[in-house]
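Structural description and commentary
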Amino acid sequence: MAGRLRLCHVDELREGTARGFAGRRAGRDRLFVVKQAGMLHAYLDDCPHQPGSAMAWRRDAYLNAAATRIVCSGHGAEFEIESGRCTLGPCLGKSLSRVQLEVDSDGSVFALGLADTAVPDRPVPMTRGG
């Protein structure tokens, strides 16, 4: 079973932004987290059109200018933040690989199951649980 990887404190994630995390993959982000409408959405940093290609064109630049879609810098594909589903571009109908998150009672955000690549999950509400 895969372990938990601490990413940051929930207060370090700003509303309407995305942030990449390297994890154990040196040289580029392994996953990214988007905070939108009080929910956290996390995905592997791989475009389904060409696996292995990074999504961001620069550090933490995963969203379009309006912060309403995730955009692949390499192919221009656009993805829904809530579901990761491609709505425009060469991977239309495919989806980003969601990463399960957990927010601890102290506000620490953890990625779960990364050794298993990704697991289906729903967005994480910003309420803290135990």
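Residues numbered from 1 in each chain as written. Predicted model: local features only at pLDDT ≥ 70, side-chain atom pairs only at ≥ 80, totals over all residues. Heavy atoms only, no water.

Concerning the overall build of the chain
Check the secondary structure of the chain and you find zero helices and 10 strands. Its helices and strands taken in sequence order, the chain reads β-β-β-β-β-β-β-β-β-β from the N to the C terminus. The buried share among the 130 residues of the chain stands at 43%. Residue pairs in contact within the chain that sit at least 24 positions apart in sequence constitute 47% of those at least 6 positions apart. On the chain, roughly 6600 Å² of surface is accessible, and the fraction owed to carbon and sulfur atoms is 50%. (Helix = DSSP H or I, 4+ residues; strand = E, 2+ residues; numbered from the N terminus. Buried < 20%, exposed > 50% of the residue type's maximum accessible area, 1.4 Å probe, protein only. Contact = heavy atoms within 4.5 Å. Areas by Shrake-Rupley, 256 points an atom, 1.4 Å probe, with all protein chains shown as cover.)

Comments concerning the pattern of salt bridges
All chains considered together, the criterion is met by five salt bridges. Put simply, Glu-102 and Arg-4 hold a salt bridge, and the shortest N to O gap is 2.2 Å. Separated by 98 residues along the polypeptide, Glu-102 in strand β8 (residues 100-103) and Arg-4 in strand β1 (residues 4-9) bring together distant segments of the chain. Taking the relative accessible area as the measure of exposure, Glu-102 reaches 29% and is therefore partly exposed. With relative accessibility at 41%, the residue Arg-4 sits in the partly exposed group. Connected via shared salt-bridge partners are Arg-4, Glu-102 and Asp-104. (Salt bridge = Lys/Arg side-chain N within 4 Å of Asp/Glu carboxyl O.)

Focus on unusual backbone geometry
Trans peptide bonds make up the majority, and among non-glycine residues the majority have a negative phi. Phi at Asp-60 is positive, roughly 65°, even though this residue is not glycine. Among the structural elements, Asp-60 can be located in the loop between β4 (39-44) and β5 (69-71). A residue is classified by how much of its surface remains accessible, and Asp-60, at 29% relative accessible area, is partly exposed. Phi angles above zero are rare outside glycine, and Ala-67 is one such case at about 60°. Note on placement: Ala-67 falls in the loop between β4 and β5.

Describing the sheet that holds strand β6 (residues 78-80)
Strand order in the open sheet made by the three strands is β5-β6-β7, with antiparallel pairing throughout. Two strands in the sheet have a free side with no partner beyond their single neighbour: β5 and β7 (86-88). Strand-to-strand twist of the sheet, defined as the mean angle between neighbouring strand axes without regard to direction, takes the value 40°. (Pairing = 2+ DSSP bridges. Axes fitted to C-alpha atoms, helices over the stretch in contact; angles between N-to-C directions.)

Considering the confidence of the model for the chain
Taken as a whole, the chain shows an average pLDDT of 85; of its residues, 82% reach a score of 70 or greater. Below a pLDDT of 50 lies the segment residues 116-123, which in the model reaches 18 contacts outside its immediate sequence neighbourhood of four places, other chains included. (pLDDT = per-residue confidence, 0-100.)

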